[in-house]
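Understanding the architecture of this molecule
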Amino acid sequence: MTTRKSHGARAGLMPYARLPRAHHSLHVLTSTVDVFGAAHWLLGEHAPQPGGDVPPFDALVVSVHPDGSMELTELSAVRARRPHLDRLPDGGFVVAAPRARRYEDANHVQVFGAHGREILSFSVGDAIEHLLVDEAGQIWVGHFDENPIGIRRWSAAGRPTWMSDDAHIPGLFDCYALNVSGTAAWACPYTDFPLVEIRPDRRERPVRVWENQVRGAKAVAVHGDRVAFYGGYGEEQDRLAHGEIVGTSVEQTDVGLLTMPDGSVVGRRRVVGRGSRIYVQAEPFIDWGVFDLSS
């Protein structure tokens, strides 16, 4: 196959969702876009302070749905410092601390009902890099290198429903990129950076792996046989590399930059991969933009 490689081409994010101005006075603790396309901001009165455990605090989730409608959910007694957040299909939320601290080992993941009160809590292990809920309410967790246990899927009741332990994913040491869409997941993990498709409900070959030469991507999008990798090391943090799945590998077709809608560099950001889309939220974390590989 002959590949074309163009360097320097730019793709601009499209504006996607914005935190309503009435809530700009609160501190954005974290934010995400769920599997159904709704954007959520977890807001608190104060920024997290350095140090040990935080006392339980009340927080507000502001949700902006794809049709533009807004919803507010008050969460009681949140315990997570620098939390991860996602929504469950029943209207509840999952909030997780990335680190399982000394007194939090059994409960650093909290599940809240739609009414905003905690239903249960459990542990998924230390060093959470990604926490994404799928359409069936399963919670996918990828870990960073201080706990190299790979990728796992949990029920909202805290029961493990899939683990990567015996999946033979090469070089799975740190889950750099995780994309959850429908009931499947895609990953691009350190150290070998293969493209990995995970479909636990597919009896034959639940895991498929393709070799990949793009290193250090923080997000991945997939549409058919087309793939996009966003991010990288050093000066490549805004890189957007395109590829095609061919046989047992991903063949790079072109590489450029992903920018803000006005063409400026993104800078400090959050990223969420969902199917063909990569959602990007730049500091001060008020707005979400989207790159869609299918468009």
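What comes next concerns the included structure. (Residues numbered from 1 in each chain as written. Predicted model: local features only at pLDDT ≥ 70, side-chain atom pairs only at ≥ 80, totals over all residues. Heavy atoms only, no water.)

Here the residue pair Tyr 190 and Thr 191 is connected by a cis peptide bond, since its omega of 25 degrees sits within 30 degrees of zero. As for its position among the elements, Thr 191 is in the loop between strand E16 (184-190) and strand E17 (195-198). The linkage connecting Glu 283 with the following residue, Pro 284, adopts the cis geometry, with an omega of 10 degrees. By the secondary structure assignment, Pro 284 is in the loop between strand E24 (277-282) and strand E25 (287-292). (Helix = DSSP H or I, 4+ residues; strand = E, 2+ residues; numbered from the N terminus.)

Within the largest apolar cluster, 31 residues are counted, with the highest numbers of intra-cluster contacts made by Trp 41, Trp 140, Ile 151, Leu 178, Ile 198 and Trp 288. Of all elements in the fold, only strand E3 (27-33), strand E4 (39-44), strand E5 (57-64), strand E15 (174-181), E16, E17 and E25 reach the threshold of two or more residues within this core. In this structure Ile 198 touches Trp 140, Ile 151, Trp 162, Ala 184, Ala 185, Pro 206 and Val 207, once residues within four positions along its chain are discounted. Grouped together as the second largest cluster of nonpolar side chains are 17 residues, Tyr 176, Phe 193, Phe 229 and Ile 245 included. (Core = buried A, V, L, I, M, F, W, Y, C linked by side-chain atoms within 4.5 Å. Buried < 20%, exposed > 50% of the residue type's maximum accessible area, 1.4 Å probe, protein only. Contact = heavy atoms within 4.5 Å.)

Considering only enclosed or pocket space, the largest pocket measures out at about 1100 Å³ in volume. Around the largest pocket, the lining comprises 38 residues; the ones closest to its centre are Thr 30, His 84, Arg 269, Arg 270 and Val 271. Listing elements by their share of the lining of the largest pocket, those giving two or more residues are E3, strand E7 (84-87), strand E11 (128-133), E15 and strand E23 (269-274). When residues of the lining of the largest pocket are assigned to their parent elements, the largest contribution, 6 residues, is made by E3. Each residue belonging to the lining of the largest pocket can be placed in one class, and the counts come to 19 nonpolar, 12 polar and 7 charged. Estimated volume of the second largest pocket: approximately 270 Å³. Class assignment for the residues of the lining of the second largest pocket results in 9 nonpolar, 3 polar and 4 charged. (1 Å grid on protein atoms, 1.4 Å probe; cavity = no way out; pocket = protein on both sides within 12 Å on 5 of 7 lines; lining within 4 Å. Points joined across faces, edges and corners; volume = space filled by probe spheres on them. Nonpolar A, V, L, I, M, F, W, Y, C, P; charged D, E, K, R; others polar.)

Now for the packing of aromatic side chains. The final tally for this structure, using the stated rule, is 10 aromatic pairs. Centroid distance Tyr 176 to Tyr 190: 5.4 Å. Interplanar angle 10 degrees. Geometry classified as stacked. Residue Tyr 176 is located in strand E15, and its partner Tyr 190 is located in strand E16; the two are separated by 14 residues in the primary sequence. Here Tyr 176 falls in the buried class, since its relative accessible area comes to 11%. With a centroid separation of 6.4 Å and an interplanar angle of 75 degrees, the aromatic rings of Phe 193 and Tyr 233 are classed as edge-to-face. (Phe/Tyr/Trp six-rings, centres within 6.5 Å; stacked < 30°, edge-to-face > 60°.)

So, on to the sheet that holds strand E21 (residues 239-246). Spatially, E1-E22-E21-E20-E19 is the arrangement adopted by the 5 strands of the open sheet, whose pairing is mixed. Each edge of the sheet is formed by a strand with only one pairing partner; in this case those strands are strand E1 (9-12) and strand E19 (219-223). Taking each pair of neighbouring strands and ignoring which way they run, the sheet shows an average axis angle of 35 degrees. Judged from the 5 bridges that link them, E19 and strand E20 (residues 226-230) form a sheet pairing that is antiparallel. Each residue of the ladder has a partner; that of Ala 221, found in E20, is Ala 228. (Pairing = 2+ DSSP bridges. Axes fitted to C-alpha atoms, helices over the stretch in contact; angles between N-to-C directions.)

Across the sheet, which stays open at both edges, the 4 strands sit in the order E7-E8-E9-E10 with antiparallel pairing between neighbours. The sheet is open, and its two borders are formed by E7 and strand E10 (118-122), each paired with just one other strand. Between one strand axis and the next, the sheet turns through 15 degrees on average, direction left out of account. Pairing analysis gives 4 bridges linking E7 to strand E8 (residues 93-96), with the strands arranged antiparallel. When the bridges of E8 are listed, Arg 87 appears paired with Phe 93.

The next thing to look at is the side chain of Asn 212. When you line up the elements, Asn 212 lands in the loop between strand E18 (207-210) and E19. Apart from residues no more than four positions distant in its own chain, Asn 212 is found in contact with Cys 188, Asp 192, Phe 193, Pro 194, Leu 195, Phe 229 and Val 250.

With that settled, the discussion passes to the pairing of E5. Counting buried positions along E5 yields 6 of 8 residues, so the element is predominantly enclosed. Pairing between E5 and strand E6 (residues 70-78): 7 bridges, direction antiparallel. Among the inter-strand pairings, Leu 60 is bridged to a residue of E6, identified as Glu 74.

Note that Ser 276 resides in the loop between E23 and E24. On the accessibility criterion, Ser 276 (15% relative accessible area) is buried. With residues up to four places along the chain from it excluded, the contact list for Ser 276 reads Ala 221, Val 222, His 223, Phe 291, Asp 292, Leu 293 and Ser 294.

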